[in-house]
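Analysis of the macromolecular model
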Amino acid sequence: MPFIRSVRVAHPGATNEHVVEVRYSTTTTGPLRAGTREAVHAAIRRGERFRTFDERTHNQADVVARVSSRGTRYIATVANGRETDNLLHLPRH
């Protein structure tokens, strides 16, 4: 399962919709690969499971594919049925 470990965001970087690229690995310590938000969204929709992994705190969260009211495809983490900002707490690249 891929672990998202860092993100690149577009200005202002305040919501999950601003994530434009992620860096992920197949283990929590493996070599990083880059993927666009669109590619990760599509992989999740096909059934691939992604999680975030924060190297500082070791916190993890499941990543889901979302579509905004404007039709923007994005990725987010969800806890107790509510969207969270775990992606935005990851290191930026």
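Computed from a prediction, not measured in an experiment: that's the story for all the values here.

Concerning the sheet that holds strand β6 (residues 73–79)
Pairing is mixed across the open sheet formed by seven strands, whose spatial order is β3-β2-β1-β4-β5-β6-β7. On the outer flanks of this sheet lie β3 (33–36) and β7 (82–84), each paired with one strand and no other. Going from strand to strand, the sheet's axes swing by 50° on average, the running direction of each strand aside. Where strand β4 (residues 50–53) lies against strand β5 (residues 60–67), four bridges are found, and the strand directions are antiparallel. Paired with Phe 53 across the bridge in β5 is Gln 60. Contacting β1 (3–9), β2 (19–25), β3, β4, β5 and β6, helix α1 (residues 37–45) crosses the sheet at an angle of about 60° to β6.

Some points on the pairing of β6
Two strands pair when backbone bridges link them, and β5 and β6 are joined in this way by five bridges, in the antiparallel orientation. By the bridge assignment for β6, Arg 66 is matched with Tyr 74. Hairpin connection from β5 to β6: five residues lie between these consecutive antiparallel strands, with Gly 71 at a positive phi of about 90°. Here β6 folds back onto β7, and the loop between the two strands holds two residues, one of which, Asn 80, carries a positive phi near 50°.

Definitions and cut-offs
Residues numbered from 1 in each chain as written. Predicted model: local features only at pLDDT ≥ 70, side-chain atom pairs only at ≥ 80, totals over all residues. Heavy atoms only, no water. Pairing = 2+ DSSP bridges. Helix = DSSP H or I, 4+ residues; strand = E, 2+ residues; numbered from the N terminus. Axes fitted to C-alpha atoms, helices over the stretch in contact; angles between N-to-C directions. Contact = heavy atoms within 4.5 Å.

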